[in-house]
Amino acid sequence: GIDVIFMFDPRPSPAGNCVNSIYQYKLRYPATKIIQRINDTDIARPLDRPWRVQALLQANSIVDHTVFISNWVKNHYIENGYDKNSNSNTVIINGCNENWYFPKLNKKINNKKIKLITHHWSNNYMKGFDLYHYIDRLVGEDNNLSFTYMGRYNSSQYKPKNTKIIEPKYGPEIGEILRDHDIYVTAARWEACGMHHIEGAASGLPVIYHSEGGAIPEVCSSHGEEFSSLDAFLSCLDKVVSNYSTIRNKIDYDYLSMSRSCQEYEKVIRQVLEIRSQ
C-alpha cells in the first residue's frame, strides 16, 4: 500500500541493505514509485568515501526519479556516469524554517563595529577553519571587527584568542544570534548544498564565501561576495560593507525558505504519481 519510497542513503548499514529491500518491495508492488535524494559527493572526504558516487549511481538504477540538492552535485554525478539526458531528475536546493530564520527590518551596518559570524555543527577542518583562524588574527589587529563562531570549534591546529565561541544552539536561538550580527562568512569547501549559509542569509546577512564552496556559490552569488584566497578576503569584506544595503536587498527569502523546498518536493511526488495539482 506504499505509494512512494524516499531513498536518502542506500549504503549498507547494521540495519541491512535498504537498496535490496526497496528493490524486493518494488518487484512485489511495481506501482510503488521510488525517489532518491542525492545529497553528498566523494569530494570533501575522498579517503573516507571512495565508493560513495558509485554506490549512489548503482542505487539510482532502480528509482523512478532523482532529486539532487544542487546543480553542483548533479554535475559531479554526470561527470561520473549519470545520464545527463535523463528527464527523471530535479534539482531542489535546501530551504530553512522561515519561522526561525528571518531578517531584521531596516537593518543598517555600523562601520565602527562590524560583526562577523559563522556557525557549523561539524568541526571538520574543511568547514573553513583556515579562514576562521585568519579572521581571529584580524580581529586582534582591528578594533572595528568582531567575530563569532557558533558550534563545535576545531582548535587542533590553532587556538583562537579573539573569537567569541558559542556552544551549539538549536533552531530559533540560532536565528536570534545570527540576526544580531552583520555579515555571514564561510570558507567551507565542497559543500553539497549545506544549511549554514542558507540560514545566515535567511536571517538577513550578506554572505562572504569561498570559490571552492561546492554548491555555496550557486546559492549565494546573488547576495554575497566570493573570495578564492585569504589575501582576497579583506577586499571582499570592503565590498560588502560599502554596498551593504544593496547586497542585503538582493536576498531572496522565498528562495531560501523551507516552504519553497517543500512545494518543490510535493511537485516531484505529484509528477511521479501522475497526480495533477489541485
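Numbers given to residues run from 1 along each chain, matching the order in which its sequence is written. Confidence filtering applies because this is a predicted model: local features only for residues at pLDDT of at least 70, side-chain atom pairs given and counted only at 80 or more, and all residues used for totals across whole chains, interfaces and linings. Values reported for side chains reflect all heavy atoms of the structure, with hydrogen atoms and water molecules removed beforehand.

**So, unusual backbone geometry**
Although it is not a glycine, Asn-106 sits at a positive phi angle of roughly 55°. Mapped onto the fold, Asn-106 is located in the loop between strand S4 (89-91) and strand S5 (114-120). Think of it in three bands: with a 1.4 Å probe and only protein chains considered, a residue is buried below 20% of the maximum accessible area for its type, exposed above 50%, and partly exposed in between. Residue classification places Asn-106 among the exposed positions, given a relative accessible area of 69%. Here Trp-190, not a glycine, exhibits a phi torsion of approximately 55°, which is positive. Put simply, DSSP H or I for four residues or longer makes a helix, DSSP E for two residues or longer makes a strand, and each gets a number counted from the N terminus. Summarising the element assignment, Trp-190 is placed in the loop between strand S8 (183-186) and helix H6 (196-202). Taking relative accessible area as the criterion, Trp-190 reaches 30% and is therefore assigned partly exposed.

**Points about the sheet that holds strand S6 (residues 145-151)**
A strand pair is defined by DSSP finding two or more bridges across the two strands. Spatially, six strands are ordered S7-S6-S5-S8-S9-S10 in an open sheet, and the strand pairing comes out parallel. Every interior strand has two partners, whereas the edge strands, strand S7 (164-166) and strand S10 (224-227), have only one. Strand-to-strand twist in this sheet, taken as the mean axis angle between neighbours without regard to direction, amounts to 25°. Pairing of S5 with S8 involves two bridges; the strand directions are parallel. When the sheet's bridge partners are listed, Leu-116 is paired in S8 with Ile-183. Docked against the sheet, helix H8 (residues 230-242) engages S5, S6, S8, strand S9 (207-210) and S10, running at close to 170° with respect to S10. Here, axes are lines fitted to C-alpha atoms. For helices the fit covers the stretch in contact, and angles between N-to-C directions go from 0 to 180 degrees. Contacts were defined at the residue level, with two residues in contact if any of their heavy atoms lie within 4.5 Å.

**Concerning the pattern of salt bridges**
Any Lys or Arg side-chain nitrogen found within 4 Å of a carboxyl oxygen on Asp or Glu counts as a salt bridge. In the structure shown here, the tally under the stated rule is ten salt bridges. A salt bridge links Asp-64 to Lys-26, with the nearest nitrogen and oxygen atoms 3.1 Å apart. Of the two residues, Asp-64 is situated in the loop between helix H2 (52-59) and strand S3 (65-68) and Lys-26 in helix H1 (residues 18-28); the sequence distance between them amounts to 38 residues. By relative accessible area, which is 25% here, Asp-64 ends up partly exposed. The exposure class assigned to Lys-26 is buried, which follows from its relative accessible area of 18%. For Glu-173, the salt bridge is made with Lys-169, and the minimal N-O distance between the two is 3.7 Å.

**A word on the packing of aromatic side chains**
Two aromatic rings from Phe, Tyr or Trp, using only the six-membered ring of Trp, form a pair when their centres are within 6.5 Å; if the ring planes differ by under 30 degrees the pair is stacked, by over 60 it is edge-to-face, and anything between is tilted. Summed over the entire model, instances satisfying the criterion amount to 16 aromatic pairs. Put simply, the rings of Tyr-125, Phe-129, Tyr-132, Phe-147, Tyr-149 and Tyr-153 touch in pairs and so form one group of aromatic residues. Note that Arg-260 overlies the ring of Tyr-255, its terminal NZ or CZ placed 5.4 Å from the centroid. Only when the NZ of Lys or the CZ of Arg is both within 6 Å of the ring centre and within 35 degrees of the ring normal is a charge said to sit over the ring.

**Focus: the pairing of S5**
Most of S5 is tucked away, with six of its seven residues classed as buried. Examined bridge by bridge, S5 and S6 share seven bridges and lie parallel to one another. Residue pairing across strands places Leu-116 opposite Phe-147, the latter belonging to S6. Crossover handedness is defined here as right-handed if the route from the first strand over the helix to the second strand goes clockwise, with the strands pointing away from the viewer. Running through helix H4 (residues 129-141), the crossover from S5 to the neighbouring parallel element S6 is right-handed.

**Some words on the sheet that holds S3**
Taken in spatial order, the four strands of this open sheet run S1-S2-S3-S4, and their pairing is parallel. Edge positions in the open sheet fall to strand S1 (4-7) and S4, since each of these has one partner strand only. Averaged over all pairs of adjacent strands, the angle between their axes in this sheet comes to 20°, without regard to strand direction. Where S3 and S4 come together, three bridges link them in parallel fashion. If you follow Thr-66 over to S4, its bridge partner there is Asn-89. Each of S1, strand S2 (33-38), S3 and S4 touches helix H10 (residues 258-273); the most contacted strand, S2, lies at about 145° to it.

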